[in-house]
Amino acid sequence: SRLYSVRMRASENESHENGGKHISGGELLSTYSDLRISVNTLLEKALNHSRGKPDFLQIQCEIVNQPIKIVNPLTVHTNEVTTVEEGHELVRNLLEKTGVPKAIIEKAYQQIPEYSVRGAILIDIHTGERVDQRLDKGVRVSKMDWQTRNFKKWATSKAVPYNPRLKEALILATKVCNHKSTIAELCWSDDPDYITGYVASKNIGYQRITQLKHYGNESGCRIFFVDTLSDLHTYISYLEEQPILVQW
Ligand code: PML
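Cut-offs applied
- Residues numbered from 1 in each chain as written.
- Predicted model: local features only at pLDDT ≥ 70, side-chain atom pairs only at ≥ 80, totals over all residues.
- Heavy atoms only, no water.
- Helix = DSSP H or I, 4+ residues; strand = E, 2+ residues; numbered from the N terminus.
- Rg over C-alpha atoms; globule rule 2.2 N^0.38 Å.
- Contact = heavy atoms within 4.5 Å.
- Lys, Arg positive; Asp, Glu negative; His and termini not counted.
- Charge placed at Lys NZ, Arg CZ, Asp CG, Glu CD.
- Pairing = 2+ DSSP bridges.
- Axes fitted to C-alpha atoms, helices over the stretch in contact; angles between N-to-C directions.
- Near = heavy atom within 4 Å.
- Polar contact = N/O pair within 3.5 Å; in protein donor to acceptor, adjacent residues only side chain to side chain.
- Areas by Shrake-Rupley, 256 points an atom, 1.4 Å probe, with all protein chains shown as cover.
- Nonpolar A, V, L, I, M, F, W, Y, C, P; charged D, E, K, R; others polar.
- Core = buried A, V, L, I, M, F, W, Y, C linked by side-chain atoms within 4.5 Å.
- Buried < 20%, exposed > 50% of the residue type's maximum accessible area, 1.4 Å probe, protein only.
- Disulfide = S-S within 2.5 Å.
- Phe/Tyr/Trp six-rings, centres within 6.5 Å; stacked < 30°, edge-to-face > 60°.
- Lys NZ or Arg CZ within 6 Å of the ring centre and 35° of its normal.
- Expected span 1.5 Å × (residues − 1).
- Arc of directions from axis to C-beta.

### With respect to the overall build of the protein
Helix and strand counts for the protein come out as six helices and twelve strands. A globule of 248 residues ought to have a C-alpha radius of gyration of about 18 Å, and the protein, at 17 Å, matches this closely. Expressed along its principal axes, the backbone C-alpha trace of the protein runs to roughly 50 × 45 × 40 Å. Here the analysis covers contacts within the protein between residues at least 6 apart in sequence; of these, 69% occur between residues at least 24 apart. Across the protein, the centroid of the 31 positively charged side chains sits 7 Å from that of the 30 negatively charged ones.

### Notes on the sheet that holds strand 4 (residues 69-71)
Read across the open sheet, the three strands follow the order 4-12-7; overall the sheet is parallel. Where the open sheet ends on each side, the last strands, each with one partner, are strand 4 and strand 7 (144-146). On average, adjacent strands in this sheet sit at an angle of 25 degrees to one another, irrespective of strand direction.

### Things to note about the site of the ligand
Neighbouring residues of the ligand: Arg165, Leu166, Ala169, Ser189, Tyr194, Thr196, Tyr198, Tyr206 and Arg208. Here an oxygen atom of the ligand and a side-chain polar atom of Arg165 are 3.1 Å apart. At 2.6 Å, a side-chain N or O of Arg208 approaches an oxygen atom of the ligand. Bound to the protein, the ligand loses 93% of the 340 Å² it would expose on its own. Per element, the largest residue contribution to the shell around the ligand is three residues, and it comes from helix 5 (residues 164-177). Residues belonging to the shell around the ligand are distributed by class as follows: five nonpolar, two polar and two charged.

### A short note on the nonpolar core
A general trend in soluble globular proteins is that nonpolar side chains are found buried together. Tyr198, Tyr206, Phe224, Tyr235 and Leu239 are the most contacted members of the largest nonpolar core, which has 33 residues in total. With eight residues, helix 5 is the largest single contributor of residues to this core. Judged by nonpolar contacts, the second largest core, of 25 residues, contains Val81, Ala108, Tyr109 and Ile204.

### So, the state of the cysteines
What the rule picks out here adds up to zero disulfides. With no disulfide of its own, Cys177 lies closest to Cys187 among cysteine sulfurs, the gap being 11 Å. Cysteine Cys221 shares no disulfide, and the gap to the nearest cysteine sulfur, in Cys187, comes to 7.0 Å.

### Points about the packing of aromatic side chains
Scanning the entire structure with this criterion turns up six aromatic pairs. A centroid spacing of 5.9 Å and a plane angle of 45 degrees characterise the contact between Tyr4 and Tyr32, whose relative ring orientation is tilted. Here Tyr4 is found in strand 1 (residues 4-12), whereas its partner Tyr32 is found in the loop between strand 2 (21-30) and helix 1 (35-47), with 28 residues between them in sequence. Among the residues examined, Tyr4 registers a relative accessible area of 18% and is labelled buried. Overall, the relative accessible area of 61% leaves Tyr32 in the exposed class. Centroid distance Trp146 to Trp154: 5.0 Å. Interplanar angle 55 degrees. Geometry classified as tilted. Pair check on accessibility: Trp146 and Trp154 agree, each one buried. Connected via pairs of aromatic rings, a cluster forms that spans Trp146, Phe151, Trp154 and Tyr162. Between the NZ or CZ atom of Lys152 and the centre of the ring of Tyr162, over which it lies, the distance is 5.3 Å. Across the ring face of Tyr238, the terminal group of Lys175 is positioned such that the distance to the ring centre comes to 5.4 Å.

### Structural notes on helix 1
The end-to-end C-alpha distance of helix 1 is 18 Å, a good match for the 18 Å that 13 residues give at a rise of 1.5 Å each. Those residues of helix 1 that sit buried are Leu35, Ser38, Leu42 and Ala46. The buried residues of helix 1 all sit within an arc of 75 degrees when viewed along its axis, so they share a single face. Opposite its buried face, helix 1 presents the exposed residues Arg36, Ile37 and Leu47, each directed more than 90 degrees away. Check the buried side of helix 1 and you find it contacts strand 1, strand 2 and strand 3 (56-63).

### What about helix 4 (residues 148-157)?
Restricting attention to buried positions, one finds in helix 4 the residues Asn150, Phe151, Trp154 and Ala155. When helix 4 is viewed along its axis, its buried side chains cluster within an angular range of 135 degrees and face the same direction. Of the exposed residues in helix 4, the ones pointing more than 90 degrees away from its buried face are Arg149, Lys153 and Thr156. In this structure, the buried side of helix 4 is in contact with strand 5 (76-79), strand 7, helix 5 and strand 12 (244-246).

Pasting the structure below:
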């Protein structure tokens, strides 16, 4: 049966000129009969966030018209590090392995915005320049999910602990890395209570790194390193519009 894309966004001081402070966002695909549960799941997520209490909260449901593409999850590996510095050294090594040049990695680090960007920023691996031109919004990857039952089966068989954050991030990384223009993704959370992040690519898989910031820090990061963006518009519409179901 047809699926609905359900999206949530919550923020503080939404009317502020810089768009306010991003609190939480969420994405899922739902059948019509599950819509009540789905909307509630995202509502709970928005209201239980340690970044704060939203004064703006939006949940939107929209039927999916495009055919849904099924993709396999990236393989997951957890890298234990003992300091944030060690974590970022590993980020640099992994990014180099995916094909992002050293100089571009450094240039990317310098461009991580101070303010919180809601979505991802896109960095060209040839120039190191940010190419999305979306300022504080960034690009929001949308229309993807992984059915709970299938995810649980996968998690059990891989001995991965059931972690909704990991699930969500792995779905996103799997969608993003399934496009040939994506060389790698670098991400860590803007949640002050969550310090694990990851580097992902089609070749190295989803490489978790246990410390990429200190507790209490509310600055997150999500960068897509991209190549051959002769057609930036098509790439962004893949991220925003192409429905993807992860299946194992
Ligand atoms: C987020 O949802 O804020 C990003 C979390 C990234 C790491 C998830 C994990 O693999 O534990």
